[in-house]
Amino acid sequence: MTAIRLHSYFRSSTSVRVRVALELKGLAYDYIAWNLRTNEQCSPDYLDINPQGLVPAIEIDGQVLTQSLPIIEYLDERFPGSPLLPAESMARARVRSLAAMVASDLHPLNNLRVLRYLEAQFGADMAAQTLWFRHWAKATLDPLEMLLAHSTQTGRFCHGDEPSMADICLFAQLLNNRRFDIDNAAWPTLARIHAACVADPAFVKAMPEQQIDAA
Ligand SMILES: N[C@@H](CCC(=O)N[C@@H](CS)C(=O)NCC(=O)O)C(=O)O
């Protein structure tokens, strides 16, 4: 049995991604919580693990891996059951591309440290931060809705009828939207896929409210 330690924060959407992947693969893991609200991710102890000061990180076989999507791809290669990427190259590229829309173009703009910087440097209060968050969420979720709604490759999930890395990213993002009172019904296909994820116990177990550090 491989020992896996996950460095996580209950509400972190990038941590949600890795938790879903671990659950879909049926992998047991130890959960180590770092409180982002009190900046534990910037403590010397955590910076020893990940000098970027970002969660998640996993420890596996004595090595630390950071960055949620490379972690997920590693888990997928190492534990091939319940694949998170399709076998065929073009399909794999489609799934990676859908995942990257959320992971590369949406999430980084709305990350905690960005919102904190907006507040500290430009005086953005909660209302201004909410406008910012909603703007950048919509800028990606509108085209994502169009892409998914108009593709015959979209099924019960983003690609066909099995969950993939794209669903993992979408699921975590739509959960994150709750914090800024965004009505995900604005994107019917995304909302439908999110509902399919919520019907799967692996996704439910990864939700923020299920974690030991949930406040
Ligand atoms: N690209 C990284 C991003 C990781 C990331 O930004 N994590 C957030 C939580 S969702 C974090 O640790 N934020 C701490 C901060 O902003 O100070 C990944 O996918 O793992």
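Computed from a prediction, not measured in an experiment: that's the story for all the values here.

**Q** Looking at this structure, how should I read the side chain of threonine 14?
**A** Residue position: threonine 14 is located in helix H1 (residues 13-25). A polar atom in the side chain of threonine 14 sits 3.2 Å from the side chain of serine 12. Among all residues touching threonine 14, those that are not within four sequence positions of it are Val55, Pro56, Ser68 and His107.

**Q** What's the story with the pattern of salt bridges in this structure? I'm lost.
**A** Pairs can form between side chains of opposite charge once their charged atoms are near each other. Evaluation of the coordinates by the stated rule reveals six salt bridges. Note that aspartate 61 is salt-bridged to arginine 78, the shortest N-O span being 2.7 Å. With aspartate 61 in the loop between strand E3 (57-60) and strand E4 (63-66) and arginine 78 in helix H3 (residues 68-78), this residue pair connects regions lying 17 residues apart in the sequence. A relative accessible area of 32% means that arginine 78 is categorised as partly exposed.

**Q** Any chance you could explain unusual backbone geometry here in plain terms?
**A** Excluding glycine, a negative phi dihedral is what most residues carry, and trans is how most peptide bonds are arranged. Cis geometry marks the peptide bond from valine 55 to proline 56, where omega comes out at 10°. Phi at asparagine 39 is positive, roughly 65°, even though this residue is not glycine. By secondary structure assignment, the location of asparagine 39 is in the loop between strand E2 (30-33) and helix H2 (44-49). Classification of asparagine 39 by relative accessible area gives partly exposed; the value is 36%.

**Q** Explanation requested: the sheet that holds E2 in the structure shown.
**A** Spatial strand order, E2-E1-E3-E4: four strands in an open sheet with mixed pairing. Because the sheet does not close on itself, it has two edges, and the strands there are E2 and E4. Going from strand to strand, the sheet's axes swing by 20° on average, the running direction of each strand aside. Both strand E1 (residues 4-8) and E3 contribute to a ladder of four bridges, which runs antiparallel. Within E3, the position partnered with leucine 6 by the bridge is isoleucine 58. Packed onto the sheet, H1 meets E1, E2 and E3 and runs at close to 155° relative to E1.

**Q** Even after reading the chapter, I still don't get the pairing of E4, so can you show me in this structure?
**A** The side chains of a regular strand alternate between both faces of the sheet. Pairing analysis gives four bridges linking E3 to E4, with the strands arranged antiparallel. Paired with isoleucine 58 across the two strands is leucine 65, which belongs to E4. What sits between the antiparallel neighbours E3 and E4 is a turn of two residues, in which aspartate 61 has the positive phi angle 50°.

The rules we used
- Residues numbered from 1 in each chain as written.
- Predicted model: local features only at pLDDT ≥ 70, side-chain atom pairs only at ≥ 80, totals over all residues.
- Heavy atoms only, no water.
- Helix = DSSP H or I, 4+ residues; strand = E, 2+ residues; numbered from the N terminus.
- Polar contact = N/O pair within 3.5 Å; in protein donor to acceptor, adjacent residues only side chain to side chain.
- Contact = heavy atoms within 4.5 Å.
- Salt bridge = Lys/Arg side-chain N within 4 Å of Asp/Glu carboxyl O.
- Buried < 20%, exposed > 50% of the residue type's maximum accessible area, 1.4 Å probe, protein only.
- Pairing = 2+ DSSP bridges.
- Axes fitted to C-alpha atoms, helices over the stretch in contact; angles between N-to-C directions.

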